[in-house]
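Working through the structure, step by step
Chain by chain, the residues run as shown.
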Amino acid sequence: MKSDPWGGRQPPAPAQTKPRVWPLAIRPFPAYSPAMTQHERLLIIDFGSQVTQLIARRLRELNVYCEIHPFNKVDDAFLQDFAPKAVIFSGGPSSVFAEGAPMPPASVFDLGVPILGICYGQQVMMHCLGGKVERGHGTAEFGRAFVTPTAAKTKLLDGWFATDREQVWMSHGDHVSKIAPGFEVYGTSPNAPFAITADTKRHFYAVQFHPEVHHTPNGAKFYENFVRIAGFTGDWTMGAYREQAIAAIRAQVGDKRVICGLSGGVDSSVAAVLIHEAIGDQLTCVFVDHGLLRQNEAEEVVKMFRDNYNIPLIHADESELFLGKLDGVSDPETKRKIIGGLFIDVFQKYANQIEGAEFLAQGTLYPDVIESVSFSGGPSVTIKSHHNVGGLPEKMGLKLVEPLRELFKDEVRALGRELGLPPSFIGRHPFPGPGLAIRCPGEITREKLEILKKADAVYIDQIRKHGLYDEIWQAFVAILPVRTVGVMGDGRTYDFACALRAVTSVDGMTADYYPFTHEFLGETATRIINEVQGINRVTYDITSKPPGTIEWE
């Protein structure tokens, strides 16, 4: 991450705001740690876009701390408590004409801070401030489009329009037909005559396209201009976060004991090392072997942690418990909920053995939280539940410590480097909490798990041998719930098919498949079929995210 998003230039003074004394209010999802109040903060009001998280990633890359909150959780009290230095309205699937259409609180326009509206966010801004929005009527735009500049100039577009047009990504049916009083047009497209508008006196900006997506090539510069206009100094760094998170952990935990659910992955391990730095031997890690780990993984995790970190570690082999409860279960959400419930039971069991344990630590990340939330009455739906999101049942009597809850995956890796974790470990591919359960679509059996473990080991070995491991965000094998006919030697086989998955990504929020050569895929398929009894067909998954997810379930 860049330590100076301004490249040595002095940012301009922030927009003037009226001084206020604001009461403290209870924060809605997701809760933020007290450490975050020390940073300049930008609020993203989410109207249900599937790419809202990309806005946050663009801003975090500029060392700007931001949070995403659903529109129906943002009221006057929230705005006063959060005290944003700037606000962004996301896109969304709704129409401003629909009954109960998502709207921001009217008071947001009186904060005196810069506001940026994106796509539906632009339409909402115009609708609220006196402009006019009309239904599509042949003016919809979906996909790549080109915006041309007008004669008017704004600092928001510094570095744009080096040629006579700029490529952007559009996704809208309705369109703005009349801009609000005080706004001026700075860019147009064939079907969006008000593609870029602004009221520069109030620092209100609105665009019909999505600058956060990869298909708007100059989008990062657009966001850099906006946060510079807002006066952000770029104070969000992992060094600062480390110090503040340690202080927050100490303040939350005091002299009590903490148990940490250690999976052996990057997230839980970074959380454990960070918490240990904060409270020392008040921390005990519990590594739950649920029988759904990769080949030899339990032994490797225990050895790695005991050899490298002086942290008490309990190896809890509970594989029979988990596999027994999952026997015959095929629905993916049911699998996740069973695993989540059993994790709670297991931690309760070991917490009872640790005198003074009052806290449970988890490696929950911000994308986990975002994907697990459905806005009640709002435009978004839950993508999938996460076993480590949603709080703890009262019967546990434990309080949660989640020091990574505000971070994206690449930020966790940066924090791991700050903490001195080995580069080879920080670079490990992500592995989901439910483990191989969600890489085994359909019913889970011990036979299928053993086949899957062996196939996955061959695949990862191939990737390492070809020097591709560090180029890939995540790679794994999924065993499919079908058997196919094959021929081996002179005999007929009727075995499982499997799918190889490998994706490139920055943070896991979007991803594209890795472009293996046909030679690599052919060689890997041959090895898996020859070395893994029970598989006779290998496929390669070339689905991006979206529309798919990285994992199969």
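In this text, all values refer to a predicted model and were calculated from it rather than measured experimentally.

1. Observations concerning the overall build of the chain
Along its length, the chain carries 14 helices and 20 strands. With 553 residues in all, the chain has 58% of them scored as buried. At a minimum sequence separation of 6, the contacts of the chain that also span at least 24 residues come to 77%. Only carbon and sulfur atoms are counted for the fraction: they give 51% of the accessible area of the chain, which is about 23,000 Å².

2. Details of the packing of helix H1 (residues 52-61) against helix H4 (residues 219-229)
Taken N-terminus to C-terminus, the directions of H1 and H4 make an angle of 70°; their axes are 10 Å apart at the nearest point. When the axes of H1 and H4 are compared, the pair comes out roughly perpendicular. At the point where H1 passes H4, the crossing takes the right-handed sense. For the pair H1 and H4, the contacting residues are Ile55, Arg58 and Leu59 in the first and Ala220, Tyr223 and Val227 in the second. Partitioned by chemical class, the residues of the contact of H1 with H4 number five nonpolar, no polar and one charged.

3. So, the sheet that holds strand S12 (residues 257-262)
Strand order in the open sheet made by the five strands is S14-S13-S12-S15-S16, with parallel pairing throughout. Only two strands of the sheet have a single partner each, and these edge strands are strand S14 (313-317) and strand S16 (399-401). Each neighbouring strand pair of the sheet contributes to a mean axis angle of 30°, computed without reference to strand direction. Sheet topology note: the strand S13 (residues 283-289)/S14 ladder contains five bridges and is parallel. Looking at the pairing, Val286 lines up with Ile314 of S14. Of the strands in this sheet, S12, strand S15 (357-361) and S16 are in contact with helix H5 (residues 238-253), which crosses S16 at around 165°. In this fold helix H7 (residues 297-308) packs onto S12, S13 and S14, with an angle of close to 170° to the strand it touches most, S14.

4. Brief notes about the layout of surface pockets
Counted as a void, the largest pocket has a volume near 980 Å³. If you trace the largest pocket, you find 41 residues lining it, with Val51, Leu54, Val213, His214 and Thr510 closest to the centre. Broken down by secondary-structure element, the contributors of at least two residues to the lining of the largest pocket are H1, helix H3 (120-129), strand S6 (141-149) and strand S7 (166-172). Its volume calculated, the second largest pocket comes out at about 500 Å³. As for the second largest pocket, its lining consists of 18 residues, and the residues nearest its centre are Arg294, Glu297, Glu300, Arg428 and Arg464. Looking at the lining of the second largest pocket, the elements that each hand over two or more residues are H7, helix H12 (423-426) and helix H13 (446-465). It is H13 that provides the largest number of residues to the lining of the second largest pocket, a total of five residues.

5. As for unusual backbone geometry
Backbone torsion omega between Lys545 and Pro546 reads -15°, so that peptide bond is classified as cis. Mapped onto the elements of the fold, Pro546 is located in the segment after strand S20 (535-540). Its identity is not glycine, yet Cys119 carries a phi of approximately 55°, on the positive side. With respect to the element layout, Cys119 can be found in the loop between strand S4 (115-118) and H3. Cys119 sits in the buried class, given a relative accessible area of 4%.

6. Looking at the packing of helix H6 (residues 266-279) against helix H11 (residues 409-418)
At their nearest, the axes of H6 and H11 sit 10 Å apart, and the two run at 40° to each other. One finds that H6 runs oblique with respect to H11. Here H6 runs over H11; the crossing is left-handed. For the pair H6 and H11, the contacting residues are Val266, Asp267, Val270 and Leu274 in the first and Lys409, Val412, Arg413, Leu415 and Gly416 in the second. By residue class, the composition of the contact of H6 with H11 is five nonpolar, one polar and three charged.

7. Description of the pattern of salt bridges
Applying the stated criterion to the full structure yields 28 salt bridges. With its nearest N and O atoms 3.3 Å apart, the salt bridge here joins Glu297 to Arg428. Here Glu297 is found in helix H7, whereas its partner Arg428 is found in the loop between H12 and H13, with 131 residues between them in sequence. Here Glu297 falls in the buried class, since its relative accessible area comes to 3%. Two residues, Lys453 and Glu450, come together in a salt bridge whose shortest N-O distance is 3.7 Å. With Lys453 and Glu450 both in helix H13 and three residues apart, this pair spans about one turn of that helix.

8. Regarding H6
Compared with the 20 Å implied by 1.5 Å per residue over 14 residues, the 20 Å span of H6 between its first and last C-alpha is a close match. By the criterion of burial, H6 is predominantly enclosed, with 12 of the 14 residues buried. Where H6 is concerned, the buried positions are Val266, Asp267, Ser268, Ser269, Val270, Ala271, Ala272, Val273, Leu274, Ile275, Ala278 and Ile279.

9. Quick notes on the nonpolar core
Buried together is how nonpolar side chains tend to be arranged in soluble globular proteins. Among the nonpolar cores identified, the biggest contains 96 residues, and Cys285, Leu404, Leu415, Tyr459, Ile463, Phe516 and Ile528 are the most heavily contacted of them. At nine residues, the largest contribution of residues to this core is made by H6. Val64, Ile88, Ala198 and Tyr223 belong to the second largest nonpolar core, which has 44 residues in total.

10. Considering H7
For H7, built from 12 residues, the straight-helix expectation of 16 Å at 1.5 Å per residue is met to within 8% by its first-to-last C-alpha distance of 16 Å. Along H7, the residues classified as buried are Glu297, Ala298, Val301, Val302 and Phe305. Angular distribution of buried residues about the axis of H7 spans 130°; they occupy a single face of the element. Of the exposed residues in H7, the ones pointing more than 90 degrees away from its buried face are Glu299, Lys303 and Asp307. In this structure, the buried residues of H7 make contact with S12, H6, S13 and S14.

Rules used in this analysis
- Residues numbered from 1 in each chain as written.
- Predicted model: local features only at pLDDT ≥ 70, side-chain atom pairs only at ≥ 80, totals over all residues.
- Heavy atoms only, no water.
- Helix = DSSP H or I, 4+ residues; strand = E, 2+ residues; numbered from the N terminus.
- Buried < 20%, exposed > 50% of the residue type's maximum accessible area, 1.4 Å probe, protein only.
- Contact = heavy atoms within 4.5 Å.
- Areas by Shrake-Rupley, 256 points an atom, 1.4 Å probe, with all protein chains shown as cover.
- Axes fitted to C-alpha atoms, helices over the stretch in contact; angles between N-to-C directions.
- Parallel < 35°, antiparallel > 145°, perpendicular 65-115°, else oblique.
- Left-handed = near helix turned anticlockwise from the far one by under 90°.
- Nonpolar A, V, L, I, M, F, W, Y, C, P; charged D, E, K, R; others polar.
- Pairing = 2+ DSSP bridges.
- 1 Å grid on protein atoms, 1.4 Å probe; cavity = no way out; pocket = protein on both sides within 12 Å on 5 of 7 lines; lining within 4 Å.
- Points joined across faces, edges and corners; volume = space filled by probe spheres on them.
- Salt bridge = Lys/Arg side-chain N within 4 Å of Asp/Glu carboxyl O.
- Expected span 1.5 Å × (residues − 1).
- Core = buried A, V, L, I, M, F, W, Y, C linked by side-chain atoms within 4.5 Å.
- Arc of directions from axis to C-beta.

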